[in-house]
Amino acid sequence: MSPAAHVSAVRSLYKRILLLHRFMPIDLRALGDQYVKDEFRRHKTASAEEARLFMAEWQNYKDTLQTQVLEAVGNKKLAFGSDLPEEKLKDLQEEQIGQLYELMLESTKPNRQFDIQEEGTPK
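Along each chain, numbering runs from 1 in the same order as the chain's sequence is written. In keeping with the model being predicted, local features are shown solely for residues with a pLDDT of at least 70 and side-chain atom pairs are shown and tallied solely at 80 or more, while totals for entire chains, interfaces and linings include all residues. Values reported for side chains reflect all heavy atoms of the structure, with hydrogen atoms and water molecules removed beforehand.

- Going by an unreviewed UniProt entry, the protein carries the name Succinate dehydrogenase assembly factor 3 and comes from Carassius auratus.
- The record held by UniProt for the protein lists under Sequence similarities (unreviewed entry) the comment "Belongs to the complex I LYR family. SDHAF3 subfamily."
- Turning to the protein, the UniProt annotation filed under Subunit (unreviewed entry) states: "Interacts with the iron-sulfur protein subunit within the SDH catalytic dimer." UniProt positions are given in the numbering used here, feature names are shortened, and annotations may be inferred rather than shown by experiment.

So this is what it looks like as structure tokens:
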């Protein structure tokens, strides 16, 4: 893949993920958007192999999220997420496991750190 085509594919995936996050509850959307932005920024200088793995995993995330959003059309309650297979967990580095754990803690807090109001919602 040419460098221009790679950049285009990365941008397209990034924008699609942020678009799908609009269907999430506002606090999870804020958390997810920030995480996506940080991860894509962090991997700008990744090696070709790291970039390939990075894109494959984020493509899987996008596909899973898109499926969950489409399945929820017409339902009042959206369900997000999926279980992480043990074999994938074994492939993660210590730092990645730490990030994953912190993300899990933040996303399951009863009082999340984000105090975001929907537009038009009184404070």
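### A word on the layout of surface pockets
- Empty space within the largest pocket amounts to approximately 1900 Å³.
- Mapped onto the lining of the largest pocket, the elements with two or more residues apiece are helix H2 (26-42), helix H3 (48-72), helix H4 (86-91) and helix H5 (94-107).
- Taken together, the residues of the lining of the largest pocket sort by class into 18 nonpolar, 12 polar and 9 charged.
- Using a 1 Å grid laid over the protein atoms alone, points where a 1.4 Å probe fits but cannot get out form a cavity; open sets with protein on both sides within 12 Å along at least 5 of 7 lines form a pocket; any residue with an atom within 4 Å of a point counts as lining. Taken together, 14 residues line the second largest pocket, and the ones lying closest to its centre are Val10, Phe40, Arg41, His43 and Lys44.
- A run of H or I in DSSP counts as a helix once it spans at least four residues, and a run of E counts as a strand once it spans at least two, with each numbered from the N terminus. Secondary-structure elements contributing two or more residues to the lining of the second largest pocket are helix H1 (3-21), H2 and H3.
- Classification used: nonpolar for Ala, Val, Leu, Ile, Met, Phe, Trp, Tyr, Cys and Pro, charged for Asp, Glu, Lys and Arg, polar for all others including Gly. Of the residues that constitute the lining of the second largest pocket, the class distribution is 8 nonpolar, 2 polar and 4 charged. Grid points are joined across faces, edges and corners, and a volume is the space filled by probe spheres set on the points.

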